[in-house]
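Residues per chain are reported as follows:
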Amino acid sequence: MRRGIFLMVVLALGGAVPVWSKDFGQQGAVFAVIEPDLLAVIEARLRHAEASGKIAAMNRQLAASTTAAVKRPPPVLGMTATREARSWTYDPTITVEQDIRDHQGNLIIAAGQRINPLASVGLRQSLVFLDGDDPAQLAWALKSTTQLNAKLILTSGSPFDAMKAAQRRFFFDQGGKLTAKFGIRHVPAVVEQDGALLKITEVVVLSMPRGRAGR
């Protein structure tokens, strides 16, 4: 009876019984575990980089590359010169996904309502997309538009260089977001209001004869 009780206690304790161990001695070299402070290592490397002038050089390189990217942004990929004129329309109407309220909680626009921005604010200036590296497109845009009736938006080239040469403000389609929205694949292209829609036209411009660029 007592033996059965003893077995039940052993099983209840998960079979935990004393285990005798034996010292087999040292079997190989033993090295102390060294864990340097990671922050201290990083700080030491930064101090070394600063003392050697590496950080200053990296800052200068970063500033130069940033300035270059601002002055001449990456061109919009896949954009080519217009070889055949085409036109289409774009409906800017959107569907409101959630209620829009003012600061007092009054409902302004209910969710699900369709809104056309052109019904409230018209497009006062046409949007002219062009290749800033193409002298013919630049000449055409400057001749056929004014500062008041059009915004000139480059898909390639330097807006700063164009602005300096033409004494007129230029914009850039960063990342090709606008041309993608309107479905523009060739430049020059003009976006203008046509009632409740936007009319997009890709325009064919004759190449400028050599030797006349910049005149």
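Residues numbered from 1 in each chain as written. Predicted model: local features only at pLDDT ≥ 70, side-chain atom pairs only at ≥ 80, totals over all residues. Heavy atoms only, no water.

A. Quick peek at the overall build of the chain. Across its full length, the chain holds 6 helices and 12 strands. Taken across its 215 residues, the chain has 24% of its residues classed as buried. Pairs at least 24 apart in sequence give 58% of the contacts found in the chain among residues at least 6 apart. For the chain, the accessible surface area stands at approximately 16500 Å², while carbon and sulfur atoms represent 58% of it. (Helix = DSSP H or I, 4+ residues; strand = E, 2+ residues; numbered from the N terminus. Buried < 20%, exposed > 50% of the residue type's maximum accessible area, 1.4 Å probe, protein only. Contact = heavy atoms within 4.5 Å. Areas by Shrake-Rupley, 256 points an atom, 1.4 Å probe, with all protein chains shown as cover.)

B. Representation of the pattern of salt bridges within the structure. Scanning the entire structure with this criterion turns up 3 salt bridges. The closest approach of N and O atoms between R86 and E202, which form a salt bridge, is 2.8 Å. Here R86 is found in strand β2 (residues 86-90), whereas its partner E202 is found in strand β12 (residues 197-202), with 116 residues between them in sequence. We classify E202 as buried; its relative accessible area is 0%. Measuring nitrogen to oxygen at the nearest pair gives 3.7 Å for the salt bridge that ties R101 to D99. Accessibility expressed as a relative area gives 39% for D99, which makes it partly exposed. (Salt bridge = Lys/Arg side-chain N within 4 Å of Asp/Glu carboxyl O.)

C. Up close: the confidence of the model for the chain. Confidence in the prediction of the chain, expressed as mean pLDDT, is 82, and 74% of residues score 70 or more. Of all helices and strands in the chain, the one with the weakest mean pLDDT is helix α1 (residues 2-12) (49), whereas strand β7 (residues 126-131) scores best (98). Here residues 9-13 is a poorly scored stretch, pLDDT under 50, and it has 3 contacts once near neighbours within four places are set aside; other chains count. Scored below 50 in pLDDT, residues 209-215 makes 2 contacts in the model with residues more than four places away or belonging to other chains. (pLDDT = per-residue confidence, 0-100.)

D. Region of the structure containing the sheet that holds β7. One open sheet accounts for 6 strands, arranged β2-β12-β11-β7-β8-β9; its pairing is mixed. The open sheet terminates on both sides in strands that have one partner only, identified here as β2 and β9 (170-172). Taken over all neighbouring pairs, the strand axes of this sheet differ in orientation by 25° on average, direction set aside. Relative to β12, strand β11 (residues 189-194) is paired through 6 bridges, and the arrangement is antiparallel. Bridge pairing links A189 to E202 in β12. This element, helix α4 (residues 135-144), spans β7, β8 (150-156), β9 and β11 of the sheet and lies at about 160° to β7. Where helix α5 (residues 159-166) meets the sheet, it contacts β8 and β9, and its direction lies at approximately 170° from that of β9. (Pairing = 2+ DSSP bridges. Axes fitted to C-alpha atoms, helices over the stretch in contact; angles between N-to-C directions.)

E. Spotlight on a nonpolar patch on the surface. A cluster of nonpolar side chains, L38, L39, I42 and L46, forms an exposed patch at the surface whose accessible area comes to about 420 Å². Mapped onto the elements, L46 comes out in helix α2 (residues 38-51). (Patch = residues over 30% accessible without salt bridge, like charges linked within 9 Å, V, L, I, M, F, W, Y side chains within 5 Å.)

F. Region of interest: the layout of surface pockets. In this structure, the second largest pocket encloses a volume near 200 Å³. In this structure, the second largest pocket is lined by Y90, P92, P117, L118, L123, L127, L178, K181, F182 and L198. When residues in the lining of the second largest pocket are grouped by element, the largest group, 3 residues, is from helix α6 (residues 177-182). Counted by class, the lining of the second largest pocket contains 9 nonpolar, no polar and 1 charged residues. (1 Å grid on protein atoms, 1.4 Å probe; cavity = no way out; pocket = protein on both sides within 12 Å on 5 of 7 lines; lining within 4 Å. Points joined across faces, edges and corners; volume = space filled by probe spheres on them. Nonpolar A, V, L, I, M, F, W, Y, C, P; charged D, E, K, R; others polar.)

G. Here's a closer look at the side chain of E202. A distance of 2.8 Å separates the side chain of E202 from the side chain of R86, its partner in a polar contact. There is a polar contact of 3.0 Å between the side chain of E202 and the backbone nitrogen of R185. The contacts of E202, once residues within four sequence positions are left out, are T82, A85, R86, W88, G183, I184, R185, H186, P188 and A189. (Polar contact = N/O pair within 3.5 Å; in protein donor to acceptor, adjacent residues only side chain to side chain.)

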